[in-house]
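Overview (structure and organization)
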Amino acid sequence: MAGVVPRDWRAELQDILPDFFNPPGGGGRARPVCVPECGPGWAGVVDRCCVRIAAALEDRESFRFEDIRSCDGALRIRWAGRLTAPGEAAVRAAIDLAEARSMCVCETCGARGRRFRADGMLATRCPDHAEGVPAFSPAMENVHLIRVTVKGRLRVVVGARYDFETDAFVEIDDVSVLSRGEA
Ligand SMILES: [Zn+2]
């Protein structure tokens, strides 16, 4: 396939889902186009997020991305839309999963990765593209805070671990067990 320039993954997503990335503005005003500012390794993560949202939307609902960028080794997604309560819940769930998945995927090449710290900066990379040292112990990696509850005099931190294979969160009743296990 010499001489064939691969199309940019961002342009392909914008073509398939113009409403998500380049929606018409209200009252004839043009809205800024949302161009994902992250490495090509995360194209699949963004694509998966778009599929989930597109599948969840009802006819009368609208959704658009306002900002998609890489920050501290994770996707950060801002969005807007007119959604029903179930639609909004589905969008939030899709975005939580995408942000969690990005922390398991090399932003450079799309292989399995983890977050590394180099020069005070976090980046998610595979072993081939990694610089610096792993930023989190395996026990605390991919653990996300859900809520803090108080049982008597005890604060219980409830978290969820993102599971890459099933692309889902698994709830952890008490995160402090993990941090104690680290020592
Ligand atoms: Zn890589």
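Residues numbered from 1 in each chain as written. Predicted model: local features only at pLDDT ≥ 70, side-chain atom pairs only at ≥ 80, totals over all residues. Heavy atoms only, no water.

Let's talk about the confidence of the model for the protein
- Averaged over every residue, the pLDDT of the protein is 90; the share at 70 or more is 92%.
- Considering each helix and strand of the protein separately, the mean pLDDT is smallest for helix H5 (residues 176-182), with a value of 66, and largest for strand E4 (residues 121-125), with 97. (pLDDT = per-residue confidence, 0-100. Helix = DSSP H or I, 4+ residues; strand = E, 2+ residues; numbered from the N terminus.)

Observations regarding the packing of aromatic side chains
- Tallied over the entire structure, the rule returns six aromatic pairs.
- Measuring from centroid to centroid gives 5.1 Å for Phe21 and Phe65, while their planes differ by 40°, and the two rings are tilted. Here Phe65 lies in strand E1 (residues 62-71) and Phe21 lies in helix H2 (residues 18-21), a separation of 44 residues in the sequence. You'll find Phe21 and Phe65 in the same group, each marked buried. (Phe/Tyr/Trp six-rings, centres within 6.5 Å; stacked < 30°, edge-to-face > 60°. Buried < 20%, exposed > 50% of the residue type's maximum accessible area, 1.4 Å probe, protein only.)

As for the domain arrangement of the protein
- Looking at the assigned domains, one finds that the protein contains domain 1 (1-135) and domain 2 (136-183).
- Of note, the centres of domain 1 and domain 2, computed from C-alpha atoms alone, are 25 Å apart.
- Opposite the 14 residues of domain 1 that make contact, domain 2 presents twelve residues.
- Between domain 1 and domain 2, a total of about 1,200 Å² is buried, with carbon and sulfur atoms accounting for 55% of that surface.
- Applying the counting rule to domain 1 against domain 2 returns five salt bridges.
- Taking the shortest distance from any N to any O, the salt bridge between Asp167 and Arg48 comes out at 2.8 Å.
- Where domain 1 packs against domain 2, one counts six residue pairs in polar contact (both at pLDDT 80 or more).
- Elements with a minimum of two residues in the side of domain 1 that touches domain 2: helix H3 (43-56), helix H4 (85-102) and strand E3 (114-118).
- If you tally residues by element for the side of domain 1 that touches domain 2, the top one is H4, at four residues.
- Grouping the amino acids of the side of domain 1 that touches domain 2 by side-chain chemistry returns seven nonpolar, no polar and seven charged. (Domains from an automatic or database assignment. Contact = heavy atoms within 4.5 Å. Buried area = accessible area lost by both parts, 1.4 Å probe. Salt bridge = Lys/Arg side-chain N within 4 Å of Asp/Glu carboxyl O. Polar contact = N/O pair within 3.5 Å; in protein donor to acceptor, adjacent residues only side chain to side chain. Nonpolar A, V, L, I, M, F, W, Y, C, P; charged D, E, K, R; others polar.)

Focus: the coordination of the zinc ion
- Looking at the metal site, the zinc ion is ligated by Cys106 (SG), Cys109 (SG), Cys126 (SG) and His129 (ND1), spaced 2.1 to 2.3 Å from it.
- For the zinc ion, the four donor atoms in the first shell make angles of 99 to 115° at the metal, a pattern classed as tetrahedral.
- Written as a sequence motif, the donor residues of the zinc ion are C-x2-C-x16-C-x2-H.
- Owing to a relative accessible area of 0%, Cys106 belongs among the buried residues under this scheme.
- We classify Cys109 as partly exposed; its relative accessible area is 40%. (Donors = N, O, S within 2.8 Å, 3.2 Å for Na, K, Ca; no water. Tetrahedral: all angles 85-135°; square planar, octahedral: opposite > 155°, others 65-115°.)

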